[in-house]
Structures are given as structure tokens and as C-alpha cells.
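Here is how the chains run, residue by residue.
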Amino acid sequence: MRISNATLADGRVVDVRVEDGEIVAVGDLDPVDGEWTIDADENLLLPGAIDVHVHFREPGFEHKETWETGSRSAAAGGVTTVADQPNTDPTTTTGEGFDAKAERAESACIDYGINGGVTDGWDPDSLFDRPLFALGEVFLADSTGDMGIGADLFSTAAERAAEVGVPVTVHAEDATLFDESAIEGDLGGAGRDADSDAWSAYRRAEAEAAAVERAVRVGNESGAQIHIAHTSTPEGVDAAREGGATCEVTPHHLFLSRDDCDELGTYGRMNPPLRSEERREAMFERLADGHIDVVATDHAPHTTDEKDQSLLDAPSGVPGVETMVPLLLGAAVEGDLSLERVRDVVAANPADIFDLPQKGRIEEGADADLALYDLDAAREIRGDDLHSKCGWTPFEGFTGVFPEWTMVRGETVWDGEEFGDVAGENVRA
Ligand SMILES: NC(=O)N[C@@H](CC(=O)O)C(=O)O
Ligand SMILES: [Zn+2]
Ligand SMILES: [Zn+2]
């Protein structure tokens with residue numbers, strides 16, 4: 001197969017030849033006799049995105065999402081590899097828990113990795129016996145699933161991970177710095193009517209940098225490779241970089257702020273929470289200038305019934321896997337971000353940090369994980385059009401550029417209307 005006239009993020013217009021799921025040549029390629037050609041018509045060809053932080057909820061919470069629905073949502077957003085987090089039921093904290101998830105993950109239509117998690121009841125021996133994508137997200141404070149752990153266990157876990165060379169991803173918030181007084185009194189009604197700004201006041205910005213500092217210290221003492229998940233404050237990003245850790249930011253911390261809490265209500269409750277508009281802008285700058293390594297979604301779907309509760313009863317988390325690349329390309333069209341930067345933060349950098357040499361690049365020898373985008377075809381994001389089981393998005397009404405098609409190892413998994421029958425593979429197996 002040959003993809004002709006594709007514009008790459010660096011502006012080059014090239015042809016790409018794919019054989020047996022791999023890219024075998026990139027350049028000015030003459031058609032071979034009988035070769036099937038897809039004309040890219042000078043549209044933008046990006047490597048399939050790697051979202052290193054999703055919660056596909058299975059096993060245990062299939063009413064929120066499944067590997068089938070989550071992976072389809074990813075494919076329709078140009079994401080061809082995901083890493084799933086351990087707060088499922090059973091938790092992915094033992095070999096058995098890992099196996100239960102691995103069996104379900106076989107229904108994914110894109111490639112994936114499975115993380116191992118840490119709790120008091122974990123079993124590191126059997127867990128590290130499995131092909132982990134990473135150890136994490138290690139919860140330094142409680143979030144959905146209440147898997148927060150103490151300092152000693154975190155150090156032990158980092159030492160174990162360092163021994164076997166598995167990277168550690170960290171949910172960095174320090175609960176001792178939360179402001180309980182912010183969630184006392186009148187927190188409004190349910191769902192959209194709740195006062196989710198109180199959640200931001202409660203899980204204060206200062207709690208992030210303090211936890212990041214602790215995480216990088218443990219990383220340096222143990223020799224573990226530390227990656228900070230969903231950083232939400234410039235202070236957190238700076239602490240990660242100064243300590244030698246890599247970090248990611250979510251689309252919601254790039255495109256939403258406390259100014260949106262009034263409209264979103266509990267649909268804007270997540271951990272870490274939305275920050276001030278000033279901090280959001282500082283995060284965007286750090287993404288554009290290279291201080292943030294990765295954009296990952298923390299895709300954390302919950303049903304509308306669950307969200308339509310009071311601020312304290314509604315669960316934390318928002319979906320995002322399908323809208324990540326579309327929103328970033330929307331920002332690129334507006335001139336806020338270069339296309340090369342988008343390519344790097346969703347594909348090349350996660351591939352480097354998490355050691356996926358086959359992924360994240362359009363070059364000879366790489367897997368043919370590809371997505372094509374027409375930058376003139378930006379459209380309004382609508383929850384009704386998306387494919388996550390949860391059926392809503394915090395980005396309703398935003399503008400995004402969605403893929404015309406998406407390929408996993410040379411097979412079309414999304415053609416803009418329908419899903420192909422692709423069998424996703426574990427990238428570590
Ligand atoms: N981010 C969230 O608010 N929620 C996540 C858990 C997490 O990543 O902390 C979830 O699983 O729902
Ligand atoms: Zn988290
Ligand atoms: Zn998460």
C-alpha cells in the first residue's frame with residue numbers, strides 16, 4: 001500500500017509505503033504495479049497518537065466504559081495506542097488482577113499497554129512478573145478508587161520498579177495540604193448546578209508541587225524513572241523538570257479553567273482539579289515552549305447519572321481520549337501551537353519516554369500507526385458525536401480537527417464513519 005501526497009508535520013509532502021503493517025519507505029515513491037494507493041491530497045499525516053493515561057474501566061465498571069468502546073473512541077480521535085490505569089475492579093495490583101485485565105483488553109481495536117498499581121494489598125512479585133507498561137498511576141492522594149498510598153510504600157514501590165527498569169507514573173497531590181474548609185457549607189445543587197470551583201479551592205494548587213517534589217526525591221533516591229501524570233500547575237511542571245522527571249498535561253488543564261466551573265458543575269470535577277485562568281495560560285505556554293513533554297488525557301469516563309449528583313457525591317474525572325488531538329490541532333490552526341509540537345507531545349515523546357521504538361514516528365521501520373487530518377475541516381465538538389460510553393464531553397462547543405481516517409499497523413480502524421475490525425495488541429507482550 002502507498003499513501004501518496006501526505007503533508008507531514010514538518011511541512012514536507014511525501015509518499016509513505018506500508019507493507020505488513022510497517023512503514024517501509026518515506027519519500028518520493030513511484031507506484032509499484034498493482035499497488036493500492038490512498039491519495040492523501042496533501043492533508044496532514046500524523047503518527048497515531050499514544051495516550052499514556054486512560055481509564056477504560058474494565059474489568060469492574062463496564063457501565064462507564066469498556067475496552068471496546070474506549071478503544072473505538074480513541075481510534076475516532078486519532079489515538080492508536082493507550083496505557084490503561086490500575087483503578088479497576090479487581091485493581092491491577094497483582095498478577096491475577098493484571099491477567100483479568102489483559103483478557104478483557106483483547107477486545108480493543110487499537111494497541112495498548114497495561115499499568116500495574118500500588119496499594120497496601122499489592123503483590124509486587126506476581127505483578128512484576130507480568131509485562132507492565134509502567135508502574136502507576138501511583139496515587140499519592142486518594143482519587144477515584146481510593147488507592148492513595150503512604151510515603152514508605154511509595155519508596156518501596158519505586159525501589160522495586162527501579163530494579164526491573166519499569167517507569168513509575170505518579171498522581172502527585174499532597175492531601176495534607178488540601179483545604180477542607182472549602183467544601184463545607186452550601187455547594188449548590190446537583191450536576192451542572194453544583195459549585196465545582198469549591199473542588200479547586202479544596203484540592204489546592206500548592207498540594208501539587210509539594211507532592212511532585214516528594215516524587216522526584218524518591219525517584220532520585222531509588223533510581224526509578226519518574227513521570228508525573230496530569231500536572232495541572234506551572235509550579236508542578238517546574239518541580240518535575242528541576243528534579244529530572246518527565247511530565248504530562250491533560251487537555252482539560254490546557255483548555256479549561258476555574259472560569260468554566262460555573263457552567264460545568266460536577267462535570268468539571270476531576271483530580272487534580274481545574275486551576276485559575278492564569279495557571280491554565282502558564283501551562284499552555286510550557287507546552288508550547290517544550291517544558292511539558294507529553295499531552296495525555298486521563299480519560300476518566302463516568303455516566304451522567306453519576307455526575308448528576310451533589311459536588312461531594314459525584315465522582316471525579318472527565319472523558320477526553322477522542323478530543324485530545326482534535327483540540328490540539330484546533331489550537332495549531334489558530335496559530336497557538338506548531339504542528340511539530342503537536343506531533344511530538346502526542347506521539348514521539350511518549351514513545352521515547354516509555355520506550356516504544358516501533359511507535360510514534362513516520363519513518364522506515366516503524367509501525368504504520370497513522371491518522372490523516374484535513375486542517376480546513378475543523379468542526380464543533382459535540383458529545384452526541386463521540387464514541388465513549390459515557391456520552392458527554394467537557395469540551396461541548398469547542399472546535400476540533402478530527403481524523404479523516406486512522407490506521408493501526410496498516411489496517412484502517414476508523415474511516416470517518418465506521419470502525420474496522422482490528423485486533424489491538426499489547427505493546428509490551
Ligand atoms: N482524574 C480523575 O479525576 N479521576 C480518575 C482517577 C485519577 O486519574 O486520578 C478516575 O479514574 O476517575
Ligand atoms: Zn490521577
Ligand atoms: Zn488517571
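Since the model is a prediction, treat every value here as computed from it, not as a measurement.

Chemist: So, the sheet that holds strand β6 (residues 49-54): which residues are in play, and what are the values?
Modeler: Read across the open sheet, the 3 strands follow the order β6-β7-β8; overall the sheet is parallel. Two strands bound the open sheet, and with one partner strand each, they are β6 and β8 (111-114). Taken over all neighbouring pairs, the strand axes of this sheet differ in orientation by 20° on average, direction set aside. Where strand β7 (residues 79-84) and β8 come together, 4 bridges link them in parallel fashion. Of the residues in β8, the one forming a bridge with Thr-81 is Asp-111.

Chemist: Any chance you could break down the site of ligand 1 for me, citing the residues and the numbers?
Modeler: In the neighbourhood of ligand 1, 17 residues make up the surrounding shell, with Arg-57, Asn-87, Ser-143, Thr-144 and Asp-298 lying closest. A distance of 2.8 Å separates an oxygen atom of ligand 1 from a polar atom in the side chain of Thr-144. At 3.0 Å from an oxygen atom of ligand 1 is found a main-chain nitrogen or oxygen belonging to Ser-316. Cavity membership is defined here by more than half of the atoms lying within 2 Å of grid points; on that basis ligand 1 lies in the largest cavity. Broken down by class, the residue content of the shell around ligand 1 amounts to 3 nonpolar, 11 polar and 3 charged.

Chemist: Could you give an account of the nonpolar core, naming the residues involved and the relevant values?
Modeler: Burial of nonpolar side chains together is a common tendency in soluble globular proteins. Among the nonpolar cores identified, the biggest contains 91 residues, and Val-82, Leu-135, Ile-228 and Leu-328 are the most heavily contacted of them. At 7 residues, the largest contribution of residues to this core is made by helix α12 (residues 324-333). Core analysis: the next-biggest nonpolar cluster, separate from the first, contains 18 residues, Ala-6, Val-16, Val-18 and Ala-368 among them.

Rules used in this analysis
- Residues numbered from 1 in each chain as written.
- Chains lettered and ligands numbered in written order.
- Predicted model: local features only at pLDDT ≥ 70, side-chain atom pairs only at ≥ 80, totals over all residues.
- Heavy atoms only, no water.
- Pairing = 2+ DSSP bridges.
- Helix = DSSP H or I, 4+ residues; strand = E, 2+ residues; numbered from the N terminus.
- Axes fitted to C-alpha atoms, helices over the stretch in contact; angles between N-to-C directions.
- Near = heavy atom within 4 Å.
- Polar contact = N/O pair within 3.5 Å; in protein donor to acceptor, adjacent residues only side chain to side chain.
- 1 Å grid on protein atoms, 1.4 Å probe; cavity = no way out; pocket = protein on both sides within 12 Å on 5 of 7 lines; lining within 4 Å.
- Sits in = over half its atoms within 2 Å of the grid points.
- Nonpolar A, V, L, I, M, F, W, Y, C, P; charged D, E, K, R; others polar.
- Core = buried A, V, L, I, M, F, W, Y, C linked by side-chain atoms within 4.5 Å.
- Buried < 20%, exposed > 50% of the residue type's maximum accessible area, 1.4 Å probe, protein only.

Distances and angles like these do not, on their own, reveal function.
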